[in-house]
Structure formats: structure tokens, C-alpha cells
Amino acid sequence: MSPVLSVQNLSVAMKGASGIVPVLEHLSFDVAQGKTMALVGESGCGKSMTALAIMRLLPEDFVVTSGRVLLDGENVLAAAPQALRGLRGNKMSMIFQEPMTALNPLYTVGDQIGEVLRQHRGLGRRDATEQAIGFLKAVQIPAAEARVHAYPHQLSGGMRQRVMIAMALACKPKLLIADEPTTALDVTVQAQIFDLLSELQDDTDTAIVLITHDLGAVAELADDVAVLYAGRCIEKGSSQEVIAHARHPYTRGLMACVPHLHLGPAAANVQRELEEIPGMVPPLGARGAECAFLPRCAFAIDVCRAQPQPPLDVVDAHAAVSCWRHREIAP
Amino acid sequence: MSTMEAPRAREPSALPSRPAASPLAAMLRQFGRSPAGVIGAIVLLALVLITLLGPTFYGIDPLDLAGAPFTPPGADAWLGTDYLGRDILAGLIYGGRATLTVGGVAAVITIVIGVTVGALAGFFGGAVDTALVKLTEFFQILPSLLFAMVLVTLFGQTLTTITIAIGVVSWPTAARLTRAEFLRLRNLDFVKASRAAGAGNGHLILRVVLPNALPPIIVSATLAIGVAILFEGGLSFLGLGDPNTMSWGLMIGQNRNYVLDSWWTVTFPGAAIFIAVLAISLIGDGINDAINPRLRKRG
Ligand SMILES: Nc1ncnc2c1ncn2[C@@H]1O[C@H](COP(=O)(O)OP(=O)(O)OP(=O)(O)O)[C@@H](O)[C@H]1O
Ligand code: SF4
Ligand SMILES: [Mg+2]
């Protein structure tokens, strides 16, 4: 079956005073119906830019310099403005990180969920509100009939994020992009939101792109994972495989920072420092052709310095990695 | 992650006890707590009522030569007569209607032009913004009184021309303010979220950003009424009022040469203008007070 989302060779650059600077380079991944693809990586590695590029919501100075984004076979990057509005919120939608600021303070949550239905389904105001109540129930908001008339400032962060999810799923999109949907919430609420997302996914068969720092959530929710580093995909595969058998030195470092991963969620609060990855992600514009991880890599040898970024080497059906030495590092 | 227990206890939001107060209703309630705003509103309402209902109780035509010229205030004419013998009180009542109408309509023109220009500039940015900012600056550096005088001289000394001229020279302030609000708001998450939900530019400008930009625009609209009233007075004083329609400004303008001998001819309309403008600026203060604590609370 052809994937719902197919990102092919996507590159994004920033137009700055000092010329054009690559932000994302040759990113490719597919997400099938009902599957979840996690994007992980340190702050600034380009996860949000990937999401925004797919939605065609890149900030002013950012441009797509290569690639295609196929949603159900249709290239989003080539869609006319009218067609694009028909896709957003309808076939693909997005949940933002900050539930406190992602809802309009001047409208009730019912109005905001209803607005999506009014636009894409042509519903009248009353029907839209009616359906909004149903969606509030679906995202497990208690007293939905009363809360549909509440304003965002009357809800907690967790509830607002539920409202965002209801808005995003109102039109039964094929694709949902969740950009760190729980970062702003406290720990127990985070778990609830992740549970909710996976329950809803079981019902709707939506393909999800989940951006997160939470490797526990990746292990639990994601079918596949792509690890980004400095705008490049350096390891990709099924989440089982990547977590159990990380090959890239950077991914291995990430996993080492979460030692309890295999111990199960009960130990989620244990904060043990095993191994930290020294150094920092090279900033935009300071990225050469060679392996982006080179300055921080304990395994670096001459070939890493001499050669450009290694190609994503397909190791087996479940994993691909971009490292010259992965066979030695993780045989 | 098996922490599904007690989600209700974790999320403490109280159910709205009364039907959720809309932000507008909350603002009105807040306005009611501002003494300045309430006093201003009462005074302005009184002025409006006087000009609307006055004629039914006080039957003298403001343009009639009702008595001897320069009759001082007294039994013959409560507030005296002017240099032609027209009744001052009748002038205040009927003239108030014209003056307040000019103020209101000119403020509407000011706000409509200013908000349109500012919203488009701030929302779209880029070349649109550059062009509209140039236009705004051009209108702003023109000496506005002189420019209005030219317009009135060219197109005729009628109340309509005067009103339009005031609107046309006054909008840059509103445009700058609106542009700044749009620049601030257009990158906020809820605007991005609306765009991600498929909203088009028209919807984003009118239904998403504009309502959030409204509070300072309302304040500036209020103040624009006061400015327009003063402007009308200024034009009339310089002899560019509409001679066929009684207004407070016209009364001052036509009687200004006699102010030393017959103080009442100019003092009463002057006081009327002063009271009206003061009331309006008090209302502006009240609205400001009503808005700002809310903005701070929302963060
Ligand atoms: N509006 C912007 N203007 C200029 N540079 C930006 C802007 N937004 C992001 N960047 C830069 O683009 C790069 C990619 O950023 P992106 O937001 O995609 O990172 P991220 O992986 O989502 O990080 P985080 O985990 O912090 O959200 C970063 O180097 C960042 O500094
Ligand atoms: S290619 Fe070389 S520098 Fe890059 S991660 Fe592999 S070993 Fe390290
Ligand atoms: Mg991000």
C-alpha cells in the first residue's frame, strides 16, 4: 500500500544576510496509514522545520530547495493556495507545542473546533457546535456540554492540548503532525495525552508524525523513528530496532542518556547520568560537507574528515544509518 | 505509561460556574469599575441626549434672528444672543448635533482607513508593508490642519467635506497602531494554528487577528472622536466651517471678533467643546483601564 505521507529528498534553507544556509538536507521518510513516525534529535536539529515544511508553514525567510512531500500521492509543495487550504486542517493537521498560546483567547473552544468543521465540511454553526461536543467527549474532556462554551483561559494546559487534538482530528485527517505535543505539560498529563493519541489513532487510522524528546514515548508509540542531527537524517528504522540496536554514535549517545529505557516506564523518573554527549550541534551556516557529528564523535577517524556525510546505508529491512564506521561500532 | 488514574483530579480547571463570560462582557464589566470611564460616559450620554431631545423642549431655531444682537444672558435669552441676534442656547443644542456627528463620522473614517492600511501592512509584511508604511509616513508629515484647509477650500465648505477632510488627514496614527498590533499578533501560535487548520488570509485578518487587535483600536477610535471635534472647531475658527449648519465650532468662529465685549458668545460653545472632549478622553481612559489588566492576566 502506498504511504499516506512520503517525504522525498526534502531540503530547506534559510535566506540570511550571509546568503543561503541549509537547514534541512535531503530528508526522506514514509509514513503509512495508522502508523507513527517519530522524529527525534537535539534542540535545533530541524524537527519543527520538517513539520512546518510539510504543512507549507515555513517562516518567511525559509525556502524549500529540493524535494517533494506527497500526501496521498499529491505533492503538497506544488499545491495552489486554494488547494492547500483544503488540505490543511482537513487531510493533514498539526498540533503545536504550547497549548497555552495555540488557542485563540477570544473564542470559545466550541467555536474553534466548530470553525474547522464549518470551513471544511460546510456545517452550520449549530451543527458544528453539536459535533464539537462529540469531539470534546472523544478527547475525554469531562462535562463536554458545559466546556464547549468555555474560553481557553478557563481550561488547564492538559485540557487545552486535548482541545487542540480535537480540533486537529475533527476532519479525520489522513496525517497528523504533533510537534512536541506534551513538552509544556506536567508528567502525568503527558502520559495521558500520549495514551489519548494512540487510542484515537487506533480508531481513526491516522498516520502520525510525532516530534518528541521523549524516547520513552518513542519506544511506546512509534512504529518507526528517524534521528535528525544538524538537519540531516543520520539514522532511521523501526523504533524497536533503533532503540534496541542503535548504530550511529549519536543515537547510541542519546540512548545512553536514557538508561532506564529498557526497564519500563516505572523507572521513568530515575535520573541517572550515564553518558552525556559532549559538545553542541553545529549552528546553522557552520555545517560542512563532512559528517555533521564529527566534532563530537569519539569514533572519528581520517576517513570521516576526508569524506562527505556518509550516505544512509541500508543495514537491513529495519534500519539505515549514516556512519562510515557503523559496522565496527555496532556489528 | 500507565498513569490513566485520576485524570480528573490532575486537571483542576473549575467548570465555568456561570455561563462563560465572553471577553467582551468581561471588558464591559471592568469598564464599569473605572470611575473616569463611567463619568465620561454619563457626561457624553447627557450631551447626546440634550442635542437629540433639546429641540422638542426648546423651540427656537438656531439660525433665526431671535432677539437683539449681543443680548447678554438673562430672561430674554437664557444664554444670550450672538452678533446677529441668534440664540446661543439654541445654537448649542442644534450645533451639538452637528459637532458630535462630525466627530463620530470623522472618527469612523479615520479608523476604517487607518485599520485597513495598518492591517494589510502588518499582516502581509514585505513589499506591501514597505509601500503602505511609505504612504502612511507621507500623510503623517503633511501638516494636517493645512492639508484639511486645502481640501475644504477645494471641495466646498460643507459639513460633509469637512468630515471627510478630517478623516482623511487623521488616519496615520490609527494605521501605525494597527500595524504594530498585527506585527505582534501574526506570529502568535493561535494564528499559526488557524492557518494550519486551513484558514485563508481573509479569515485570518478579520476573524483571528483583528478581534485580538481591537482593544487598542477602540481606545484610539474614542480619542479620534475628540480630536475630530477639536479639528472641526479649529477649521471653523479659521473661517472654514460650514456657514449653513450651526455647530459649536462655527459659533466660536463667527463670534471670535466680539469675545472681549460679549464673552458669552464664545465661552458657552467653547465650554461645550471642552466638556465633550474631556468626557471622551475619560471614556478612553476607562477603556484602557478595562483592557490592560486583562492583557496582563492572559500573559
Ligand atoms: N524563525 C526562525 N528564524 C531563524 N532561525 C530559525 C527560526 N526558527 C528556527 N530557526 C533555526 O532553524 C534550525 C532548525 O530549527 P527547528 O525549530 O526545526 O529545531 P527543532 O529540532 O524543532 O528544535 P527544538 O527541539 O528546540 O524545537 C535551528 O538551528 C534554529 O535555530
Ligand atoms: S562517520 Fe565518523 S565521525 Fe561521523 S559518526 Fe561515524 S564515526 Fe563518527
Ligand atoms: Mg521544535
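Please refer to the structure higher up on the page.
Residues numbered from 1 in each chain as written. Chains lettered and ligands numbered in written order. Predicted model: local features only at pLDDT ≥ 70, side-chain atom pairs only at ≥ 80, totals over all residues. Heavy atoms only, no water.

Participant: Looking at this model, I keep getting lost on the site of ligand 2. Mind explaining?
Facilitator: Neighbouring residues of ligand 2: A:His248, A:Pro249, A:Cys291, A:Phe293, A:Leu294, A:Cys297, A:Phe299, A:Ala300, A:Cys304, A:Cys323 and A:Trp324. Looking at side-chain class alone, the shell around ligand 2 contains ten nonpolar, one polar and no charged residues. (Near = heavy atom within 4 Å. Nonpolar A, V, L, I, M, F, W, Y, C, P; charged D, E, K, R; others polar.)

Participant: Even after reading the chapter, I still don't get the site of ligand 1, so can you show me in this structure?
Facilitator: All names here are of chain A. In the vicinity of ligand 1 lie 13 residues, with Ser43, Gly44, Lys47, Ser48 and Met49 positioned nearest. Contact distances for ligand 1 include 2.9 Å between an oxygen atom and a backbone N or O atom of methionine 49. Against a free-state accessible area of 630 Å², the protein chains account for coverage of 64% of ligand 1. Looking at which element gives the most residues to the shell around ligand 1, the answer is helix H1 (residues 47-55), with three residues. Along the lines of polarity and charge, the residues of the shell around ligand 1 split into five nonpolar, five polar and three charged. (Polar contact = N/O pair within 3.5 Å; in protein donor to acceptor, adjacent residues only side chain to side chain. Areas by Shrake-Rupley, 256 points an atom, 1.4 Å probe, with all protein chains shown as cover. Helix = DSSP H or I, 4+ residues; strand = E, 2+ residues; numbered from the N terminus.)

Participant: Before we go on, may I ask you to explain a negative patch on the surface in this structure?
Facilitator: Negative charge collects at one region of the surface, where A:Glu199, A:Asp202, A:Asp203 and A:Asp205 lie side by side. Its location among the elements puts A:Asp202 in helix H7 (residues 187-204). (Patch = residues over 30% accessible without salt bridge, like charges linked within 9 Å, V, L, I, M, F, W, Y side chains within 5 Å. Salt bridge = Lys/Arg side-chain N within 4 Å of Asp/Glu carboxyl O. Lys, Arg positive; Asp, Glu negative; His and termini not counted. Charge placed at Lys NZ, Arg CZ, Asp CG, Glu CD.)

Participant: Help me out: how do you make sense of the packing of helix H3 (residues 35-57) of chain B against helix H4 (residues 88-124) of chain B in this one?
Facilitator: Residues and elements named next belong to chain B. Across the interface, H3 lies against H4 with an axial gap of 8 Å and an inter-helix angle of 130°. It follows from the interaxial angle that H3 and H4 lie oblique. Judged by the twist between their axes, the crossing of H3 over H4 is left-handed. Between H3 and H4, the contacting residues are Leu47, Val48, Ile50, Thr51, Leu52, Gly54 and Pro55 on the first element and Ile93, Tyr94, Gly96, Arg97 and Leu100 on the second. By residue class, the composition of the contact of H3 with H4 is eight nonpolar, three polar and one charged. (Axes fitted to C-alpha atoms, helices over the stretch in contact; angles between N-to-C directions. Parallel < 35°, antiparallel > 145°, perpendicular 65-115°, else oblique. Left-handed = near helix turned anticlockwise from the far one by under 90°. Contact = heavy atoms within 4.5 Å.)

Participant: I would appreciate a short explanation of the packing of aromatic side chains in the present structure.
Facilitator: Given two aromatic rings, their pairing is described by the distance between the two centres and the angle made by the two planes. Residues and elements named next belong to chain B. Taken as a whole and judged by the stated rule, the model has twelve aromatic pairs over all chains. Residues tyrosine 58 and tryptophan 78 carry aromatic rings whose centres are separated by 5.8 Å and whose planes lie at 50° to one another, so their mutual orientation is tilted. Residue tyrosine 58 is located in the loop between H3 and H4, and its partner tryptophan 78 is located in the loop between H3 and H4; the two are separated by 20 residues in the primary sequence. Taking the relative accessible area as the measure of exposure, tyrosine 58 reaches 13% and is therefore buried. (Phe/Tyr/Trp six-rings, centres within 6.5 Å; stacked < 30°, edge-to-face > 60°. Buried < 20%, exposed > 50% of the residue type's maximum accessible area, 1.4 Å probe, protein only.)

Participant: What's the story with helix H7 (residues 159-185) of chain B in this structure? I'm lost.
Facilitator: Structural remark: α-helix, 3.6 residues per turn; residues separated by three or four positions point the same way. Across its 27 residues, H7(B) extends 38 Å between first and last C-alpha, which sits within 8% of the 39 Å expected from 1.5 Å per residue. A bend of about 40° at B:Ser170 is the largest found in H7(B), and the proline B:Pro172 appears one to four places after it. (Expected span 1.5 Å × (residues − 1). Bend = angle between axes of the 7 residues up to and from the residue.)

Participant: Honestly, the environment of B:Gly103 in this entry has me stumped. Any pointers?
Facilitator: Residue and element names in this part refer to chain B. Note on placement: glycine 103 falls in helix H4. Spatially, the C-alpha atoms of glycine 103 and glycine 126 are 35 Å apart, while their sequence positions differ by 23 residues. Beyond its immediate chain neighbours, meaning those up to four positions away, glycine 103 contacts Ile225, Ala228 and Ile229.

Participant: Explanation requested: unusual backbone geometry in the structure shown.
Facilitator: It is generally the case that most residues other than glycine have a negative phi and that most peptide bonds are trans. All names here are of chain A. The residue glutamate 180 is not glycine, and still its phi comes out positive at about 45°. Mapped onto the elements, glutamate 180 comes out in the loop between strand E7 (175-179) and H7. Despite not being glycine, aspartate 205 has its phi angle at roughly 65°, a positive value. Along the chain, the position of aspartate 205 falls in the loop between H7 and strand E8 (207-211). Judged by relative accessible area, which is 39%, aspartate 205 ranks as partly exposed.

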